[in-house]
Amino acid sequence: MTCRNCRRTLSLSLPLALFAALVAPTLAQSAPPADLPDAPTAPVKTGPVPTGPAVVIDTSMGRLTCKTFDKQAPNAVANFIGLAEGTKDWTATSGGPKQHGKRFYDGLTFHRVIPGFMVQAGDTVGDGTGDPGYYINDEIDPALTFSVPGRLAMANSGPNTNGSQFFITENAVDELNGHYTIFGQCDAHTVLLVASIARVQRDGNDKPRTPVVIHRVTIVRNGQPMPPDPTPPPAASPAPAASPTPSTPPALTSP
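Residues numbered from 1 in each chain as written. Predicted model: local features only at pLDDT ≥ 70, side-chain atom pairs only at ≥ 80, totals over all residues. Heavy atoms only, no water.

### So, the packing of aromatic side chains
Scanning all chains against the criterion turns up nine aromatic pairs. When the ring of Tyr105 is compared with that of Phe166, the centres are 5.6 Å apart and the planes differ by 80°; the resulting orientation is edge-to-face. Taken as a pair, Tyr105 in the loop between helix H3 (74-85) and strand E3 (110-114) and Phe166 in strand E6 (residues 166-169) lie far apart in primary sequence, 61 residues in all. Here Tyr105 falls in the buried class, since its relative accessible area comes to 1%. Ring geometry for Phe110 against Phe166: centres 6.4 Å apart, planes inclined by 80°, an arrangement best described as edge-to-face. Note that Phe110 is positioned in strand E3 and Phe166 in strand E6, a separation of 56 residues in sequence. Accessibility classification places Phe110 together with Phe166 in one group, the buried group. These aromatic residues form a ring-pair network of at least three members: Phe80, Trp90, Phe104, Tyr105, Phe110, Phe166 and Phe183. (Phe/Tyr/Trp six-rings, centres within 6.5 Å; stacked < 30°, edge-to-face > 60°. Helix = DSSP H or I, 4+ residues; strand = E, 2+ residues; numbered from the N terminus. Buried < 20%, exposed > 50% of the residue type's maximum accessible area, 1.4 Å probe, protein only.)

Written out as structure tokens, the structure reads:
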């Protein structure tokens, strides 16, 4: 007879009222409240829902798709769209005339990739020092945090120094909260592709040894069809499991 059966036999030999008095409190204490905020079944709080245009980034490794937060970060969204479509003037970091009607992101590369953290692009120089010749201010909404993977955000070199560089997170990174403008949320397929991009061979500055190129950025407004899928890239070996997010993520500032 097991210990469990021993206890059951003892309980049945007691008067019913005494048995109820002894067992009922134990059952009540063992049942956790259903509304505990840290209960395992509690949903992850993702914050506001993105309602702006979709950003489709076709790269040499596949397609990234994100929906924008046009209400929470209207200036960042408008800036990215203007650069992507060539409706916003910009100046190359190396100098020269102002570029008008020229698409900014097409042909650039992901110049910084860190497994378990993020991938970063949007620099014409390709080493983290490039910008479009101007800055825009931060738009940090306390309800919109890095609590989930796939956040599309502006990289910066300090407060109110947003320009053209952006990054997409592979994991939740709470340490970034309050420091970077989140202007989009990417889908699950994009997060998997980010994990693959982040694990390509890279040098000591986290720059891919074989460039990961942005072929084209397409802005898809509500009601418009998605662009046709590009020619699929060559099959690659599966990326290893995502490593835990660093307790102190590397800074996203320019060198």
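Read on for the rest.
### Here we look at the pairing of strand E2 (residues 62-68)
Across a regular strand the side chains alternate sides, sitting on one face of the sheet and then on the other. By the criterion of burial, E2 is predominantly enclosed, with six of the seven residues buried. Strand direction decides the pairing type here: strand E1 (residues 54-59) and E2, joined by six bridges, are antiparallel. Along E2, the bridge assignment pairs Ile57 with Leu64. Hairpin connection between E1 and E2: a loop of two residues separates the two successive antiparallel strands. As defined by bridge partners, E2 adjoins strand E7 (residues 182-186) across three bridges and the pair is classed as antiparallel. (Pairing = 2+ DSSP bridges.)

### As for the pattern of salt bridges
This model, assessed by the stated rule, comprises seven salt bridges. Between Asp229 and Arg63 there is a salt bridge, with its nearest N and O atoms 3.1 Å apart. Of this pair, Asp229 sits in the segment after strand E8 (214-220) while Arg63 sits in strand E2; the two residues are 166 residues apart in sequence, bridging distant segments of the chain. Residue class for Arg63 comes out buried when judged on its relative accessible area of 11%. Across the pair Glu170 and Arg199 runs a salt bridge, and its minimum N-O distance is 3.1 Å. Separated by 29 residues along the polypeptide, Glu170 in the loop between E6 and E7 and Arg199 in the loop between helix H4 (188-198) and E8 bring together distant segments of the chain. (Salt bridge = Lys/Arg side-chain N within 4 Å of Asp/Glu carboxyl O.)

### Let's talk about the side chain of His111
Note that His111 resides in strand E3. Those residues in contact with His111, other than ones at most four positions away along the chain, are Gln120, Ala121, Asp123, Gly126, Asp127, Gly128, Gln165, Asp206, Lys207 and Pro208. (Contact = heavy atoms within 4.5 Å.)

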